[in-house]
Amino acid sequence: MIDNLSRYAYNDLAFTHPRTEALALIRHTRGIASSPHLWPQGSTLDISLFDMSDKAKEYVKKNINLWQPYTNLKFNFINTNDGDIRISGKEDGTGNWSLIGTQAKQKPVYEPTMHIDLIQTPDRLNHSIRHEFGHALGLLHEHQHPDNNIQWDKEKLYDESEKLGHTKQVTDENFLNHPDSTTTITSAYDSTSVMHYKVPPEVTTDGVGVAFNEDISEGDKQFIASLYPPVPLDKPQIVLLSA
Ligand SMILES: [Zn+2]
């Protein structure tokens, strides 16, 4: 039985086909995050990777570290399974999912807080690791941003989603519902965000879709930097001199 943490424990399986075109990046702070689930500023996050080969661990680690320069958090990869963020690569068919930020602290330490399906094409795997770790940092789904301009054809979306084994409730939770505005931090909607699902034009009423976003967007970088402001490297160090 899934506990009440599942509200934000997105299971990310649908519509992640390889992208066919690059999207222009737009330079604005953009995104949506769960304010109660942000990590304390300057935290060191212990990250455990298990049920995967050493080669897979390096691959996952490399993708996670793409977020680091835009935060004041330290990502500390550890060799034991009891980290703050516990990432399983077990081939158990549970797909790609993650808890949101500090929700991970509410899970028993012997349970994973994230799962990555390692059997994917490289572009999808890159997207999955970057997207799920975005959740682990407190980010929510960009396509559920209250200002998104997606003209969903709900019946078609439900039909397509059902073919992938998702119930109407799961589809509502992962595609359509807007997060509680009292517990979220939002800035402008960013359709290029790695936190955005691919939206096939077939499931919209205006035939306008959203491409598959493999990369962390400029908007993602600026938004995460607004949540965890990095200390500029060129900032002079303050030295206290005793008399
Ligand atoms: Zn997600």
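Scroll up for the structure.
Quick look at the structure, then. What you are looking at is a predicted structure, and each value in this text was computed from that prediction instead of being measured.

### Re the overall build of the protein chain
Alright, step 1. The secondary structure content of the protein chain amounts to 5 helices and 8 strands.
Alright, step 2. Tracing the protein chain from N to C terminus, the helices and strands come up as β-β-β-α-β-β-β-β-α-α-α-β-α.
Alright, step 3. When burial is assessed residue by residue, the protein chain has 38% of its 243 residues classed as buried.
Alright, step 4. In the protein chain, the proportion of contacts linking residues at least 24 apart, taken out of those at least 6 apart, comes to 83%.

### Concerning the nonpolar core
Alright, step 1. Counting 30 residues, the largest nonpolar core has Val60, Trp67, Ile87 and Met114 as its most contacted members.
Alright, step 2. Where this core is concerned, the elements lending two or more residues are strand S2 (32-34), strand S3 (44-50), helix H1 (54-64), strand S5 (85-88), helix H2 (122-136) and helix H5 (218-227).
Alright, step 3. When residues in this core are grouped by element, the largest group, 4 residues, is from H2.
Alright, step 4. The contact partners of Trp67, leaving out residues within four places of it in the chain, are Phe133, Leu137, Ile216 and Ile224.
Alright, step 5. Listed in part, the 7 residues of the second largest apolar core include Phe175, Val199, Val203 and Val210.

### Quick look at the pairing of S5
Alright, step 1. The alternating pattern of S5 places Ile85 and Ile87 and Arg86 and Ser88 on opposite faces, both of which are buried.
Alright, step 2. For S3 and S5, the ladder comprises 4 bridges, and the chain directions are parallel. Across the sheet, the residue bridging to Ser48 is Arg86, located in S5.
Alright, step 3. The pairing of S5 with strand S7 (residues 114-115) spans 2 bridges and is parallel. From the neighbouring strand, Ile87 faces S7, where its bridge partner is Met114.

### Quick notes on the packing of H1 against H2
Alright, step 1. The geometry of H1 relative to H2 is characterised by a closest axis approach of 9 Å and an angle of 55° between their N-to-C directions. On the basis of the axis angle, H1 is oblique to H2. In the crossing of H1 with H2, the sense of the turn from one axis to the other is right-handed. Residues Val60, Asn63 and Ile64 of H1 pack against Asn126, Ile129, Arg130 and Phe133 of H2.
Alright, step 2. Residue composition of the contact of H1 with H2, by class: 4 nonpolar, 2 polar and 1 charged.

### Overview of the environment of Gln151
Alright, step 1. Relative to the assigned elements, Gln151 resides in the loop between H2 and helix H3 (154-163).
Alright, step 2. On the basis of neighbour counts, which here come to 12 C-beta atoms within 10 Å, the residue Gln151 falls in the exposed class.
Alright, step 3. With 57 residues separating them along the chain, Gln151 and Val208 place their C-alpha atoms 7.8 Å apart.
Alright, step 4. Not counting the four nearest positions on each side in its chain, Gln151 is found in contact with Thr204, Thr205, Asp206 and Val208.

How each quantity is defined
- In this convention, every chain numbers its residues from 1, walking through the sequence in written order.
- Thresholds applied to this predicted model are a pLDDT of at least 70 for local features of residues and 80 or more for the giving and counting of side-chain atom pairs; totals over whole chains, interfaces and linings are not thresholded and use all residues.
- Under the scheme used here, helices are H or I runs from DSSP no shorter than 4 residues and strands are E runs no shorter than 2 residues, and both carry numbers assigned from the N terminus.
- Exposure criterion: with C-beta atoms placed from backbone coordinates, a residue whose C-beta has 20 or more other C-beta atoms within 10 Å is buried, one with 12 or fewer is exposed, and one in between is partly exposed.
- Here the contact rule is simple: place C-beta atoms from the backbone, and any two residues whose C-beta atoms are within 7 Å are in contact.
- A set of buried residues drawn from Ala, Val, Leu, Ile, Met, Phe, Trp, Tyr and Cys, joined through C-beta atoms within 7 Å, is what defines a nonpolar core.
- At least two DSSP bridges between two strands are required for those strands to pair.
- Under this scheme, a helix contributes an axis fitted over its contacting stretch, all axes are lines through C-alpha atoms, and angles between N-to-C directions fall in the 0 to 180 degree range.
- For classification, angles of less than 35 degrees are called roughly parallel, those exceeding 145 degrees roughly antiparallel, those between 65 and 115 degrees roughly perpendicular, and all remaining angles oblique.
- Crossing handedness: left-handed means the near helix sits turned counterclockwise from the far one by under a right angle, and right-handed means the same turn made clockwise.
- Classes in brief: Ala, Val, Leu, Ile, Met, Phe, Trp, Tyr, Cys and Pro nonpolar; Asp, Glu, Lys and Arg charged; the others, Gly included, polar.

Keep in mind that these numbers describe shape and distance, not what the molecule does.
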